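Structure assessment
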Amino acid sequence: MIPASHYLILAAALFTIGAFGVVVRRNAITMFMCIELMLNAVNLIFLTFARDFAQVDGQVFVFFVMTVAAAEAGVGLAIIVLLSRHTRTVDVDQADRMKW
Amino acid sequence: MEQLVFYSAALVAVVSALLVVFQRRAVHSVLALIVCLSSVAVLYFQLGGYFLAAVQVIVYAGAVMVLFLFVIMLIDPESEMFVVKRTRSLLLPALVVAGVTGGVLSSVLLSFPESRTPGMPGGLRDIAAALFRDYLLPFEITSILILAAVVGALILAKRSD
């Protein structure tokens, strides 16, 4: 059996790549995908600990995280469509009207 | 065999995650993300979360990513706004964020002792029992959340004229 630490290191790497991407990319859709990547890493951690503690609750939480992520993707992508319709861009640096 | 599956899936996951970040075109990022999510589904399967591996492929790599592709196609994928030049000025802050995140995460996660008796409790029956008995209220709240998301997305995306 693969030890839990291997899965945890992989999840930490995926989360870190996602966080890096959110900061370095300015395209709203790509940033969104990086957030999905981070959520996915968290799910992997949940499942690893579910196996480690032999508890079913971790799996239930992954289920909830997936549901929230799906809802978030729906609303977020609608906002991005709206943004592109109004400003003709999905670059978050261009959408600075609410910035002081 | 187990080792081989784990390491190849992990390698594919990390490489495709990097591709998600560094592809210049958003469509290519979506395709890389599908590969990444699928290889993580393989890891779920290996961990014993068979149900969630299936859900991951169907809902995540399937439905959510198709939604992303739809939106990119809706906003012209050939247009310049998806081929944004990488801004050099953000590379340093991003590296700082990545370093801090990675350092904190790996130190916290690796501080947990390895379990003596690991084992993924079961199949669909256990998950269903937990979901519909112990977590019934959160489950119902999730349905309200989905409903709110559907209504919100409809109102947002509707043309207001």
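Above this text sits the structure in question.
Residues numbered from 1 in each chain as written. Chains lettered and ligands numbered in written order. Predicted model: local features only at pLDDT ≥ 70, side-chain atom pairs only at ≥ 80, totals over all residues. Heavy atoms only, no water.

Time to look at the overall build of chain B. Summing up its helical and strand segments, chain B has 6 helices and 0 strands in all. Counting across all 161 residues of chain B, residues that qualify as buried make up 36%. For chain B, the accessible area works out to roughly 9,400 Å², and carbon and sulfur atoms hold 73% of it. (Helix = DSSP H or I, 4+ residues; strand = E, 2+ residues; numbered from the N terminus. Buried < 20%, exposed > 50% of the residue type's maximum accessible area, 1.4 Å probe, protein only. Areas by Shrake-Rupley, 256 points an atom, 1.4 Å probe, with all protein chains shown as cover.)

Running from N to C, helix H3 (residues 57–87) of chain A and helix H6 (residues 136–157) of chain B point in directions that differ by 10 degrees, and their axes come no closer than 9 Å. With respect to their mutual orientation, H3(A) and H6(B) come out roughly parallel. In this structure, H3(A) uses Phe63(A), Phe64(A), Thr67(A), Val68(A), Ala71(A), Gly74(A), Val75(A), Ala78(A), Ile79(A), Leu82(A) and Arg85(A) to contact H6(B), whose residues at the interface are Pro138(B), Phe139(B), Thr142(B), Leu145(B), Ile146(B), Ala149(B), Ala153(B), Leu156(B) and Ala157(B). Taken together, the residues that form the contact of H3(A) with H6(B) break down as 16 nonpolar, 3 polar and 1 charged. (Axes fitted to C-alpha atoms, helices over the stretch in contact; angles between N-to-C directions. Parallel < 35°, antiparallel > 145°, perpendicular 65-115°, else oblique. Contact = heavy atoms within 4.5 Å. Nonpolar A, V, L, I, M, F, W, Y, C, P; charged D, E, K, R; others polar.)

Before going further, it helps to spend a moment on the side chain of Arg25(A). Within the secondary structure layout, Arg25(A) lies in the loop between helix H1 (4–24) and helix H2 (28–53). Salt bridges are absent for the buried Arg25(A), whose nearest opposite-charge side chain, Asp91(A), sits at 9.1 Å. Reaching out from Arg25(A), the side chain makes a polar contact with the backbone oxygen of Gln23(B) at a distance of 2.7 Å. Each residue touching Arg25(A), except ones within four places of it in the same chain, is listed here: Thr30(A), Met31(A), Val20(B), Val21(B), Phe22(B), Gln23(B) and Arg24(B). (Lys, Arg positive; Asp, Glu negative; His and termini not counted. Salt bridge = Lys/Arg side-chain N within 4 Å of Asp/Glu carboxyl O. Polar contact = N/O pair within 3.5 Å; in protein donor to acceptor, adjacent residues only side chain to side chain.)

Attention now goes to the state of the cysteines. Applying the stated criterion across every chain, the model contains 0 disulfides over all chains. Cys34(A) takes part in no disulfide bond, and the closest cysteine sulfur to it belongs to Cys36(B), at a distance of 10 Å. Taking relative accessible area as the criterion, Cys34(A) reaches 0% and is therefore assigned buried. Overall, Cys36(B) belongs to the buried group, its relative accessible area being 0%. (Disulfide = S-S within 2.5 Å.)

Okay, the interface of chain B and chain A next. Between chain B and chain A, the residue contacts involve 81 residues of the former and 72 residues of the latter. Interface of chain B and chain A: buried area, both sides summed, is about 6,900 Å²; carbon and sulfur atoms make up 79% of it. The largest share of the area that chain B buries against chain A comes from Leu47(B), Tyr60(B) and Phe68(B), three residues that together contribute 10% of it. Taken together, the links from chain B to chain A amount to 0 salt bridges. Among the secondary structure elements, those contributing two or more residues to the side of chain B that touches chain A are helix H1 (2–22), helix H2 (26–47), helix H3 (50–74), helix H4 (91–109), helix H5 (124–134) and H6 of chain B. It is H1(B) that contributes the most residues to the side of chain B that touches chain A, 12 residues altogether. Counted by class, the side of chain B that touches chain A contains 60 nonpolar, 15 polar and 6 charged residues. (Buried area = accessible area lost by both parts, 1.4 Å probe.)

Moving on, we come to the packing of H3(A) against H5(B). Close contact between H3(A) and H5(B) brings their axes to 9 Å; oriented N to C, the two are set at 65 degrees. In terms of orientation, H3(A) lies roughly perpendicular with respect to H5(B). Of the two possible hands of crossing, H3(A) and H5(B) adopt the one that is right-handed. Contacts between H3(A) and H5(B) pair Gln59(A), Val60(A), Phe63(A) and Phe64(A) from the former with Ile127(B), Ala130(B) and Leu131(B) from the latter. Considering only residue class, the contact of H3(A) with H5(B) consists of 6 nonpolar, 1 polar and no charged. (Left-handed = near helix turned anticlockwise from the far one by under 90°.)

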